[in-house]
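Given next are the chains, with one letter for each unit.
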Amino acid sequence: MIDSSVFAYYNLAIGLVTGLGVCYFLFFKQTVVEYQQYLLFTVAGLMLFLVGGPVVELFFPSFVHWLHGAAALSVILGLYDPVEKDLRRDAWADVLLQKPIQIREQAEWMLPIDDAILELFNSKELVLTPAIIAYNIEYSRGEVNRRLRTLEKRGFVTKVERGKYRITALGKQYVTGTIDSGPLTPADER
């Protein structure tokens, strides 16, 4: 039975738009580096509520409360660990707060390898060679060498001596999310 009230169609439209927005941020923007199982439970529950609720309300209105209950259960399982009887407070804090790359937007010139390099430098506070960097971030030495030259031109790292680099204050500020990366001119991409 189809409920033809304007309110039901409005709910469906809002649910679809919001659901598309959630999908966009999950799959096309770098909001979360590593998806955890609990995050997927929460997102599945939200999507079920946002999109599934209005669809069920239109076609099977008597089942809408069952669907909302299933959606709420999924969200709760994402927020609470029933086995250990513990809120996932620390896990959600790691997802939402501990990784500045999740909340900062990379400049057009930057690649994922740039963040990996800068985070390695920032975490170790050491002078590193391209070979050691490549080994630790699982990229080739050639890729690391090319990106180090670009990062050096932008002022994010500095060459200490031949073949050895260190992160600069600007690089540290970028990793912590306190500055914008800014555009790179085409002349710098050599």
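A quick note: this is a predicted structure, and the numbers were derived from the prediction, not measured. (Residues numbered from 1 in each chain as written. Predicted model: local features only at pLDDT ≥ 70, side-chain atom pairs only at ≥ 80, totals over all residues. Heavy atoms only, no water.)

## Structural notes on the nonpolar core
(1) Moving on: Membership of the largest hydrophobic core comes to 21 residues, with the highest contact counts inside it found for Ile117, Leu118, Phe121, Ile133, Val144 and Leu148.
(2) Moving on: For this core, the elements supplying multiple residues, two or more each, are helix H5 (112–124), helix H6 (130–137), helix H7 (141–154), strand E4 (164–167) and helix H8 (169–176).
(3) Moving on: When residues of this core are assigned to their parent elements, the largest contribution, five residues, is made by H5.
(4) Moving on: Apart from residues no more than four positions distant in its own chain, isoleucine 117 is found in contact with Ile133, Ile137, Val144, Arg147, Leu148 and Leu151. (Core = buried A, V, L, I, M, F, W, Y, C linked by side-chain atoms within 4.5 Å. Buried < 20%, exposed > 50% of the residue type's maximum accessible area, 1.4 Å probe, protein only. Helix = DSSP H or I, 4+ residues; strand = E, 2+ residues; numbered from the N terminus. Contact = heavy atoms within 4.5 Å.)

## Thoughts on the pattern of salt bridges
(1) Moving on: Taken as a whole, this structure holds two salt bridges when the rule is applied.
(2) Moving on: As a salt-bridge pair, arginine 147 and aspartate 114 come within 2.7 Å of each other at their nearest N and O atoms. One end of the pair, arginine 147, is in helix H7; the other, aspartate 114, is in helix H5, with 33 residues separating them in the sequence.
(3) Moving on: On the accessibility criterion, aspartate 114 (0% relative accessible area) is buried.
(4) Moving on: As a salt-bridge pair, glutamate 161 and lysine 164 come within 3.3 Å of each other at their nearest N and O atoms. (Salt bridge = Lys/Arg side-chain N within 4 Å of Asp/Glu carboxyl O.)

## Brief notes about a positive patch on the surface
(1) Moving on: Taken together, Arg146, Arg149, Lys153, Lys159 and Arg162 make up a surface patch of like positive charges.
(2) Moving on: The topology assignment puts lysine 159 in strand E3 (residues 157–161).
(3) Moving on: In this structure lysine 159 comes out as partly exposed when scored by relative accessible area, which is 42%. (Patch = residues over 30% accessible without salt bridge, like charges linked within 9 Å, V, L, I, M, F, W, Y side chains within 5 Å. Areas by Shrake-Rupley, 256 points an atom, 1.4 Å probe, with all protein chains shown as cover. Lys, Arg positive; Asp, Glu negative; His and termini not counted. Charge placed at Lys NZ, Arg CZ, Asp CG, Glu CD.)

## Quick look at the packing of aromatic side chains
(1) Moving on: Tallied over the full model, the rule gives two aromatic pairs.
(2) Moving on: Aromatic side chains tryptophan 109 and phenylalanine 156 sit 5.9 Å apart centroid to centroid with 70° between the ring planes, which places their arrangement in the edge-to-face category. Here tryptophan 109 is found in the loop between helix H4 (89–96) and H5, whereas its partner phenylalanine 156 is found in the loop between H7 and E3, with 47 residues between them in sequence. Comparing tryptophan 109 with phenylalanine 156, the two get one shared label, buried.
(3) Moving on: Plain terms: the ring middles of phenylalanine 156 and tyrosine 174 are 5.5 Å apart, the flat faces sit at 75° to each other, and that makes the pair edge-to-face. Within this pair, whereas phenylalanine 156 is found in the loop between H7 and E3, its partner tyrosine 174 is found in helix H8, the two being separated by 18 residues in sequence. As far as burial versus exposure is concerned, phenylalanine 156 and tyrosine 174 are alike and both buried.
(4) Moving on: These aromatic residues form a ring-pair network of at least three members: Trp109, Phe156 and Tyr174. (Phe/Tyr/Trp six-rings, centres within 6.5 Å; stacked < 30°, edge-to-face > 60°.)

## Quick notes on the confidence of the model for the protein chain
(1) Moving on: When pLDDT is averaged across the protein chain, the result is 75; 69% of the residues are at 70 or more.
(2) Moving on: Long-range and interchain partners of residues 31–35, a stretch whose pLDDT sits below 50, account for 10 contacts in this model, where long-range means more than four residues apart. (pLDDT = per-residue confidence, 0-100.)

## Here we look at H7
(1) Moving on: In this model, H7 (14 residues) spans 20 Å end to end at C-alpha, consistent with the 20 Å of a helix rising 1.5 Å per residue.
(2) Moving on: Turning to H7, its buried residues are Val144, Arg147, Leu148, Thr150 and Leu151. In an axial view of H7, the angular spread of the buried residues amounts to 165°, which keeps them on one side of the axis.
(3) Moving on: The elements touched by buried residues of H7 are H5, H6, E3 and E4.
(4) Moving on: Remark: glycine 155 follows H7 within two positions and exhibits a positive phi of approximately 90°. (Expected span 1.5 Å × (residues − 1). Arc of directions from axis to C-beta.)

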